[in-house]
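# An overview of the molecular structure
The lines below spell out each chain.
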Amino acid sequence: MQMLKKGSKLYSILTGTCPKCQKESMYVDRNPYHLTKVLTMHEHCSHCGLKYQIEPSFFYGAMYVSYGVNVALGIAAFIVSYPLLHLSLKASFISIIASIVILYPLVLRWSRNIYINMFVAYDPPMDK
Ligand SMILES: [Zn+2]
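Computed from a prediction, not measured in an experiment: that's the story for all the values here. (Residues numbered from 1 in each chain as written. Predicted model: local features only at pLDDT ≥ 70, side-chain atom pairs only at ≥ 80, totals over all residues. Heavy atoms only, no water.)

### Re the coordination of the zinc ion
This is how it is decided: Water is not part of the atom set, so a site may look incomplete; the donors themselves are N, O and S atoms within 2.8 Å of the metal, or 3.2 Å for Na, K and Ca. Each helix corresponds to a stretch of at least 4 residues labelled H or I by DSSP, and each strand to a stretch of at least 2 residues labelled E; elements are numbered beginning at the N terminus. Relative accessibility thresholds used throughout: buried, under 20% of the residue-type maximum; exposed, over 50%; partly exposed, between the two (1.4 Å probe, protein chains only).
Bound to the zinc ion are the protein donor atoms Cys 18 (SG), Cys 21 (SG), Cys 45 (SG) and Cys 48 (SG), situated 2.2 to 2.4 Å from the metal. Spacing between the donor residues of the zinc ion along their common chain follows C-x2-C-x23-C-x2-C. Of this pair, Cys 21 sits in the loop between α1 (9-15) and α2 (62-84) while Cys 48 sits in the loop between α1 and α2; the two residues are 27 residues apart in sequence, bridging distant segments of the chain. Residues Cys 21 and Cys 48 agree in their burial class; the two are buried.

### Regarding helix α4 (residues 104-119)
Residues spaced three or four apart along an α-helix face the same direction, because each turn holds 3.6 residues. Threshold: Expected span, for any helix, means 1.5 Å times one less than how many residues it has. Residue contacts are defined here by distance: any two heavy atoms, one from each residue, within 4.5 Å place the two residues in contact.
For α4, spanning 16 residues, the distance from its first C-alpha to its last is 23 Å, which sits close to the expected 22 Å at 1.5 Å a residue. Considered for burial, the residues of α4 that qualify are Pro 105, Val 107, Leu 108, Arg 109, Ser 111, Arg 112, Asn 113, Tyr 115, Ile 116 and Asn 117. On the buried face of α4, the contacting elements are α1, α2 and α3 (89-102).

### With respect to the nonpolar core
Rules: Definition of nonpolar core: a set of buried residues of the types Ala, Val, Leu, Ile, Met, Phe, Trp, Tyr and Cys, connected through side-chain atoms within 4.5 Å.
Ranked by internal contacts, the top residues of the largest apolar core, which has 19 residues, are Cys 18, Cys 45, Leu 50, Tyr 52 and Ile 116. Elements that contribute at least two residues to this core include exactly α2 and α4. Here the element with the most residues in this core is α2; it accounts for four residues.

### A few points about a nonpolar patch on the surface
Note the following rule: A patch consists of residues whose relative accessible area exceeds 30% and which take part in no salt bridge; residues with like charges are grouped when within 9 Å of each other, and nonpolar side chains (Val, Leu, Ile, Met, Phe, Trp, Tyr) when within 5 Å. Each accessible area value is a Shrake-Rupley result obtained with a 1.4 Å probe; residue values ignore everything except the protein chains displayed when judging cover. The term salt bridge refers to a side-chain nitrogen of Lys or Arg lying within 4 Å of a carboxyl oxygen of Asp or Glu.
Together, Tyr 67, Val 71, Ile 75, Phe 78, Ile 79, Val 80, Tyr 82, Leu 84, Leu 85, Leu 87 and Leu 89 give the surface a local cluster of nonpolar side chains, amounting to about 1,000 Å² of exposed area. Broken down by element, the nonpolar patch gets its largest block of residues, eight residues, from α2. Tracing the sequence through the fold places Val 80 in helix α2. What makes Val 80 partly exposed here is its relative accessible area of 42%.

Nothing here speaks to function; it is all geometry.
Listed below in structure tokens is the structure:
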């Protein structure tokens with residue numbers, strides 16, 4: 001996929017890799033559906049040394065991103081279920097809730113990934 005090439009912010013956001021070098025995952029467990037470890041992150045990148053928690057409570061800001069992502073997700077779920085699939089309003093409402101609940105671990109990580117990518121640019125160290 002052309003959009004998902006290394007070096008793009010989208011690559012780091014969707015894969016959860018280090019925003020600076022994109023060589024490894026920021027998360028201890030790559031699977032976000034292992035719910036006890038969904039937000040467990042490495043402290044530093046072992047390739048470029050980037051500290052993920054840039055300042056204390058850095059990722060609290062990701063809550064605002066998460067709100068935006070969930071609103072976008074809800075609107076997308078509504079558009080798919082009501083005008084496209086012609087479900088009833090009640091069924092559309094249930095599908096919005098269901099997609100937000102089911103995708104919640106992913107949204108948590110995407111929000112953190114989007115947030116850290118707003119502050120850190122792709123700048124991989126030179127490999128020898
Ligand atoms: Zn790195």
